[in-house]
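Coordinate inspection notes
For reference, the chains in residue letters:
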Amino acid sequence: MRSSEIIWGLVLCCIFSMASRSSSSSSHNRLALEDVGSSAAGYDYKDALSKAVLFFEGQRSGELPACQRVKWRGNSALTDGKPDNVNLVGGYYDAGDNVKFVWPMAFTITLLSWAAVEYRQEISSANQLDNLHTAIRWGTDFILQAHNSPTTLYTQVGDANADHQCWERPEDMDTPRTLYKITSDSPGTEAAAEAAAALSAASLVFEGVDCNYSARLLNKSKSLFEFADKYRGSYKDSCPFYCSFSGYQDELLWSAAWLYKASGDKKYFSYVLSNQGWSQAVSEFSWDNKFAGAQALLAKEFYGGQKDLSRYKTDVESFICALMPGSSFLHIKITSGGLLYIRDASNLQYVTSSCMVLSVYSKTLNASHIDGIQCGSAHFSASQIKAFIRLQVNYILGNNPMNMSYMVGFGSKHPVQLHHRGSSIPSICSHPSKVGCNDGYSSYYSSNNPNPNHHVGAIVGGPDANDLFHDQRSDYSHSEPTTYINAAFVGAVAALLDESKQEPLQLLQINRTTNTSDYM
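Residues numbered from 1 in each chain as written. Predicted model: local features only at pLDDT ≥ 70, side-chain atom pairs only at ≥ 80, totals over all residues. Heavy atoms only, no water.

1. What about the overall build of the protein chain?
- Helix and strand counts for the protein chain come out as 18 helices and nine strands.
- Per-residue burial over the protein chain gives 61% buried out of 520 residues.
- In the protein chain, 75% of the contacts between residues at least 6 apart in sequence involve partners at least 24 apart.
- As presented, the protein chain carries roughly 18,900 Å² of accessible surface, and 47% of it is formed by carbon and sulfur atoms. (Helix = DSSP H or I, 4+ residues; strand = E, 2+ residues; numbered from the N terminus. Buried < 20%, exposed > 50% of the residue type's maximum accessible area, 1.4 Å probe, protein only. Contact = heavy atoms within 4.5 Å. Areas by Shrake-Rupley, 256 points an atom, 1.4 Å probe, with all protein chains shown as cover.)

2. Quick word on the packing of helix α3 (residues 102-118) against helix α7 (residues 189-205)
- Where α3 meets α7, the closest approach of the two axes is 8 Å, and the angle between their N-to-C directions is 25 degrees. Put simply, α3 runs roughly parallel to α7. Both α3 and α7 take part in a crossing whose hand is left-handed. For the pair α3 and α7, the contacting residues are W103, A106, F107, I109, T110, S113, A116 and V117 in the first and E190, A191, E194, A195, A197, A198, A201, A202, L204 and V205 in the second.
- Among the residues forming the contact of α3 with α7, the class breakdown is 14 nonpolar, two polar and two charged. (Axes fitted to C-alpha atoms, helices over the stretch in contact; angles between N-to-C directions. Parallel < 35°, antiparallel > 145°, perpendicular 65-115°, else oblique. Left-handed = near helix turned anticlockwise from the far one by under 90°. Nonpolar A, V, L, I, M, F, W, Y, C, P; charged D, E, K, R; others polar.)

3. Quick notes on the sheet that holds strand β3 (residues 152-157)
- In spatial order, the strands read β2-β3-β4; together these three strands make up an open sheet with antiparallel pairing. Edge positions in the sheet fall to β2 (100-101) and β4 (179-183), since each has one partner strand and no second.
- Relative to β4, β3 runs antiparallel, the two sharing five bridges. The partner of V157 across the bridge, within β4, is L179.
- Along the sheet, α7 makes contact with β3 and β4, crossing β3 at roughly 100 degrees. (Pairing = 2+ DSSP bridges.)

4. Describing the pattern of salt bridges
- Enumeration according to the criterion identifies 21 salt bridges in this entry.
- Two residues, E284 and R343, come together in a salt bridge whose shortest N-O distance is 2.7 Å. Here E284, found in the loop between α10 (266-274) and α11 (291-303), pairs with R343, found in the loop between β6 (340-341) and α13 (348-367); they are 59 residues apart in sequence, far enough to count as distant.
- In this structure E284 comes out as buried when scored by relative accessible area, which is 13%.
- Across the pair K386 and D498 runs a salt bridge, and its minimum N-O distance is 3.6 Å. On the criterion of sequence distance, the pair formed by K386 in helix α14 (residues 382-397) and D498 in the loop between α18 (483-494) and β9 (505-510) is long-range, its members being 112 residues apart.
- Each of E57, R60 and R69 takes part in one network of salt bridges that share partners. (Salt bridge = Lys/Arg side-chain N within 4 Å of Asp/Glu carboxyl O.)

5. Some thoughts on the state of the cysteines
- Under the defined criterion, the tally for this structure stands at two disulfides.
- Between the sulfur of C166 and that of C437 lies a disulfide, 2.0 Å long from S to S. Linking C166 and C437, the disulfide has an S-S dihedral of approximately -95 degrees and is accordingly described as left-handed. Separated by 271 residues along the polypeptide, C166 in the loop between α6 (160-164) and β4 and C437 in helix α16 (residues 437-445) bring together distant segments of the chain.
- With a relative accessible area of 8%, C166 lands in the buried category.
- Classification of C437 by relative accessible area gives buried; the value is 18%. (Disulfide = S-S within 2.5 Å.)

6. Side note on helix α8 (residues 211-230)
- Taking 1.5 Å per residue, 20 residues should reach 28 Å; α8 reaches 29 Å between its end C-alpha atoms and fits that length.
- Looking at α8, one finds that the buried residues are Y213, S214, L217, L218, S221, L224, F225, F227 and A228.
- Along its buried surface, α8 packs onto α5 (129-146), β3, β4, α7, α9 (249-263) and α10. (Expected span 1.5 Å × (residues − 1).)

Structural data, given as structure tokens:
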């Protein structure tokens, strides 16, 4: 490890201490970071990437291929779409249930595609590019099917309320496979625009792999964007499970930015330019709020010579300043263990998505030969931003107060009681008898035993605000994995692949007042 990186790690720790002091005046403990040296086992980022991508095979719906690597899964939901005589077989279950929500599914595919575009060489060096392409295509194939007319997009398959009353394997599922769709008469701009973003981003992924498929994705993306923009209306169908709080302007900017990147068509540039006033300074990037992602994409265009897009550059740097410890504009809590903490429910989704934006923007700064960003009195270089990403990724992989990985199958200690139906019930291969709705709850949901199926690569919602994790199946806010947690992690960890097997920075508690200058 370079000495400058060690110093910055120490500086970050001191900053964490000051942030912790301001949020909890009763505590006198401070955090310090020190390099534990070559005796410590480093994190294998290639292995973490491999497992993160493998996770998606355990989330598949539909008829599984012969090359399926997650063997405890079987075929499921093979008649989806039948009531409307449309083929909606395939796609992904979003989390630990058996419902297909297209809005977060599309966001998952956009994130995976973004990683494949930005870190193609790094992912290829880890021999995961083909697997990543397969994961993306499993989602895009479904979105193509779901957009079966210019003014229709199927946005959900399965009655979520009924599904959540049962604890069943997807292979046994007998709850209603109710269909939900948006149309010109019942619009849902957020879902349609995110689907457009997913297909346009994926068209870039397959540009040099399957030209015909890439062109098909781009054409369908244009159709979805026109549908989203022409028939504006906020998406409500999946509420209360996926409610739109940020409105649809973020998705429209996000999808237009991807369409400009994918097509080069100036009308999409004109769209983001003329609607720059929609852009907002935010402190999260999520399935609901895409502003920071759009801003990161368009700031790259700014540095490429499109100086009229300065609003996006300003706003994405505001996002980064809201996250970086030591910033004059820090808005986000840092736990005493060093984790970004935005909200309690599934907090790691915000950590991984934030790291995705930070990694892309630090890469943009390096490519543009910009020395960093200014956050009030604090200045952060691209390497310092990347060091902070590394701290967050390492926290997820095990460098945390619980001394456990929050990715199943990574490290010697990781979650074993996932809030996940398929993982928690014996595989249909080993237990072919049907496990009914109530039987699943009584025999498996309520069990204190580890899940019989290891959902390798699954990243759970993560610890609470005190860095504690109780590994209880019933605690869905902390023990449930989601596709979009993993999708963002793929990009964040891919950015670190050139540092694989680096020694982690060890968190220590010390009982004295710490100043940044102590470590300079």
